[in-house]
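Each chain, written out:
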Amino acid sequence: MSRAQRSRLVGGVLLILVGIWFLLSQIVPGLRSWLSIGFGWPMIVVSVGVLLFFFGLLVGAPAMSVPACVVAGIGTLLYWQNATGNWTSWTYAWALIPGFVGVGLILAGLLGENTRRSLSGGAWLIVISLTLTLAFSAFVGGPRILGPYWPVLIILAGLIFLVRSFWRTR
């Protein structure tokens, strides 16, 4: 069976299962409350990310872990913001999204998708994402973990890029 055939097969089975769940929740009145997600609407977003990841595993496409991690990561941010009411944290939390891509790349690398390049690229994206998040959170009034020394992160990032520009890659 080719990859395209497996993708259609798994996609069809997933759509049938989701359709059955929605149909049963419409027909059987008590089923909706019994099957409902107790953590609120952001968990639906996280669940979509988990489904994307499993879809990628089933069809043999490790690269699907990248969008799966982005969707699940944003869902987790939404869950935290919904639970705390801290919606203004989007002014700096958006900088975590490249880190979610990095986690997805690392997962794809561990699952065999261009392993060495995926692992190193994912690690760099996580470092860049955390640096940006800490710098933006300090700059726009979020948590000030580094106090007045947050510009040191930007200087260190610049030094790393400067040193890497002279480093020869094979």
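Refer to the structure printed above.
This is a predicted model, so every value here is computed, not measured.

**Here's the deal with the overall build of the protein**
Looking only at helices and strands, the protein features eight helices and zero strands. The order of α-helices and β-strands along the protein, N terminus first, is α-α-α-α-α-α-α-α. The 170 residues of the protein split such that 26% are buried. Considering only contacts in the protein between residues 6 or more positions apart, those separated by 24 or more positions represent 55%. About 11300 Å² of surface is accessible on the protein, with carbon and sulfur atoms providing 74% of the total.

**Thoughts on helix 4 (residues 65–84)**
Taking 1.5 Å as the rise per residue, helix 4 with 20 residues should run 28 Å; its terminal C-alpha atoms sit 28 Å apart, in good agreement. Of the positions making up helix 4, those classed as buried are Ser-65, Val-66, Ala-68, Cys-69, Val-70, Ala-72, Gly-73, Gly-75, Leu-77, Leu-78 and Gln-81. One or two steps after helix 4, the chain reaches Gly-85, where phi turns positive at roughly 75°.

**Side note on helix 7 (residues 115–139)**
Over its 25 residues, helix 7 runs 36 Å from end to end, which matches the ideal 36 Å to within 8%, given 1.5 Å per residue. The complete set of buried residues in helix 7 reads Ser-118, Gly-122, Ser-129, Thr-131, Thr-133, Ala-135, Ser-137 and Ala-138. In this fold, the buried residues of helix 7 make contact with helix 5 (90–93), helix 6 (97–110) and helix 8 (151–166). Two residues or fewer after helix 7 comes Gly-141, characterised by a positive phi angle close to 100°.

**Let's talk about the environment of Thr-91**
Structurally, the position occupied by Thr-91 is in helix 5. Since its relative accessible area comes to 44%, Thr-91 is described here as partly exposed. Put simply, Thr-91 and Phe-136 are 45 residues apart on the chain and 7.7 Å apart in space, counted from C-alpha to C-alpha.

**As for the packing of helix 7 against helix 8**
Here helix 7 crosses helix 8 at 150°, and the two axes come no closer than 9 Å. It follows that helix 7 is roughly antiparallel to helix 8 by the angle criterion. Judged by the sense of rotation from one axis to the other, the crossing of helix 7 with helix 8 is left-handed. On helix 8, the residues that touch Trp-124, Ile-128, Thr-131, Leu-134 and Ala-135 of helix 7 are Leu-153, Ile-154, Ala-157, Ile-160, Phe-161 and Arg-164. Partitioning the contact of helix 7 with helix 8 into residue classes produces nine nonpolar, one polar and one charged.

**Overview of a nonpolar patch on the surface**
Among the surface-exposed residues, Leu-9, Val-13, Ile-16, Leu-17, Ile-20, Leu-23, Leu-24, Ile-27 and Val-28 lie close enough to one another that they form a single nonpolar patch of about 820 Å² accessible area. The topology assignment puts Ile-20 in helix 1 (residues 3–27).

**Section: unusual backbone geometry**
The phi angle at Asn-114 is positive, at roughly 50°, despite the residue not being glycine. Position of Asn-114 relative to the elements: it lies in the loop between helix 6 and helix 7.

**Considering the packing of helix 4 against helix 6**
Between helix 4 and helix 6, whose axes approach to 8 Å, the crossing angle comes to 140°. Put simply, helix 4 runs oblique to helix 6. Here the hand of the crossing between helix 4 and helix 6 comes out right-handed. Contacts between helix 4 and helix 6 involve Ser-65, Val-66, Cys-69, Val-70, Gly-73, Ile-74 and Leu-77 from the first element and Ile-97, Phe-100, Val-101, Val-103, Gly-104, Leu-105, Leu-107 and Ala-108 from the second.

**What about the packing of aromatic side chains?**
Aromatic ring pairs are described here by two measures, namely the spacing of the ring centres and the angle between the planes. Inspection of every chain in the model, using the stated rule, returns three aromatic pairs. Here the aromatic rings of Trp-41 and Trp-87 are separated by 6.5 Å at their centres, their planes lie at 5°, and the arrangement is stacked. One end of the pair, Trp-41, is in the loop between helix 2 (29–35) and helix 3 (42–59); the other, Trp-87, is in the loop between helix 4 and helix 5, with 46 residues separating them in the sequence. Residues Trp-94 and Phe-136 carry aromatic rings whose centres are separated by 5.1 Å and whose planes lie at 50° to one another, so their mutual orientation is tilted.

Cut-offs and rules
- Residues numbered from 1 in each chain as written.
- Predicted model: local features only at pLDDT ≥ 70, side-chain atom pairs only at ≥ 80, totals over all residues.
- Heavy atoms only, no water.
- Helix = DSSP H or I, 4+ residues; strand = E, 2+ residues; numbered from the N terminus.
- Buried < 20%, exposed > 50% of the residue type's maximum accessible area, 1.4 Å probe, protein only.
- Contact = heavy atoms within 4.5 Å.
- Areas by Shrake-Rupley, 256 points an atom, 1.4 Å probe, with all protein chains shown as cover.
- Expected span 1.5 Å × (residues − 1).
- Axes fitted to C-alpha atoms, helices over the stretch in contact; angles between N-to-C directions.
- Parallel < 35°, antiparallel > 145°, perpendicular 65-115°, else oblique.
- Left-handed = near helix turned anticlockwise from the far one by under 90°.
- Nonpolar A, V, L, I, M, F, W, Y, C, P; charged D, E, K, R; others polar.
- Patch = residues over 30% accessible without salt bridge, like charges linked within 9 Å, V, L, I, M, F, W, Y side chains within 5 Å.
- Salt bridge = Lys/Arg side-chain N within 4 Å of Asp/Glu carboxyl O.
- Phe/Tyr/Trp six-rings, centres within 6.5 Å; stacked < 30°, edge-to-face > 60°.

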